[in-house]
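# Reading the structure
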Amino acid sequence: QVQMVESGGGSVQAGGSLRLSCTVSGKSISDENMGWFRQPPGKTGKQREGVAYIRGDGDTGYADSVKGRFTISKDNAENTVFLQMDSLKAEDTAMYYCAAGSIFPSLWWDQYESWGQGILVNVSS
């Protein structure tokens, strides 16, 4: 059974930085397409905004809203995916989720099979 645990969230002022981690057990991420998604506070349901993805070979993709500010990376040895978030804005406030199991690298939430429980990022202006 795949388990994914996010960490590194919290509160930060606009312009600041945070680094999220997603540690995976039960599956090797070395050949997986992994993604980070987010959902604004108070919004429920499975539909989430794609933020970034990383392919098994390390190729990456980003939503336009975070391009140039966020960086996705991974450590295969630690089976962990990271999301470095710089120049944070108030509109980045959300629950952030990592995901795995997409056949193709994608920013579409419904392409992924496994999800972490989410972690809150709160950016104050």
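To start, this report covers the structure provided alongside it. (Residues numbered from 1 in each chain as written. Predicted model: local features only at pLDDT ≥ 70, side-chain atom pairs only at ≥ 80, totals over all residues. Heavy atoms only, no water.)

### Some details on the pattern of salt bridges
Rule in force here: For this document, the term salt bridge refers to a Lys or Arg side-chain nitrogen within 4 Å of an Asp or Glu carboxyl oxygen. Helix numbers and strand numbers start at the N terminus; a helix is a DSSP run of H or I with at least 4 residues, a strand a run of E with at least 2. Type-normalised accessible area, obtained with a 1.4 Å probe on protein chains alone, sets the label of each residue: buried when under 20%, exposed when over 50%, and partly exposed for intermediate values.
The final tally for this structure, using the stated rule, is 6 salt bridges. Among the salt bridges present, the one from D92 reaches R38, with a minimum N-O distance of 2.9 Å. Pair noted here: D92 is in the loop between β8 (80-85) and β9 (94-100) and R38 is in strand β4 (residues 34-39), with a separation of 54 residues, a long-range link. Residue D92 is classed as buried on the basis of its relative accessible area, which comes to 0%. When its relative accessible area of 5% is taken as the criterion, R38 is described as buried. Here the salt bridges share partners, and the residues they tie into one network are R38, E49, R69 and D92.

### Considerations on the pairing of strand β3 (residues 18-25)
Here is the rule: Two strands are counted as paired when DSSP detects at least two bridges linking them.
Looking at chain direction, strand β1 (residues 3-7) and β3 are connected through 5 bridges and run antiparallel. Looking at β3, one finds that M4 is bridged to V24. Judged from the 6 bridges that link them, β3 and β8 form a sheet pairing that is antiparallel. The residue bridging S21 from the neighbouring strand is F82, located in β8.

### Quick look at the nonpolar core
Definition in use: The set of buried Ala, Val, Leu, Ile, Met, Phe, Trp, Tyr and Cys residues whose side-chain atoms join them within 4.5 Å is what this entry labels a nonpolar core. Every residue pair with non-hydrogen atoms within 4.5 Å of one another is taken to be in contact.
Core analysis: the biggest nonpolar cluster contains 28 residues, and W36, L83, M85 and Y96 have the highest contact counts within it. Looking at this core, the elements with two or more residues in it are β3, β4, β5 (49-54), β7 (70-75), β8, β9 and β11 (119-124). With residues near it in sequence (within four places) discarded, M85 still touches G16, S17, L18, L20, R69, F70, Y96 and V121.

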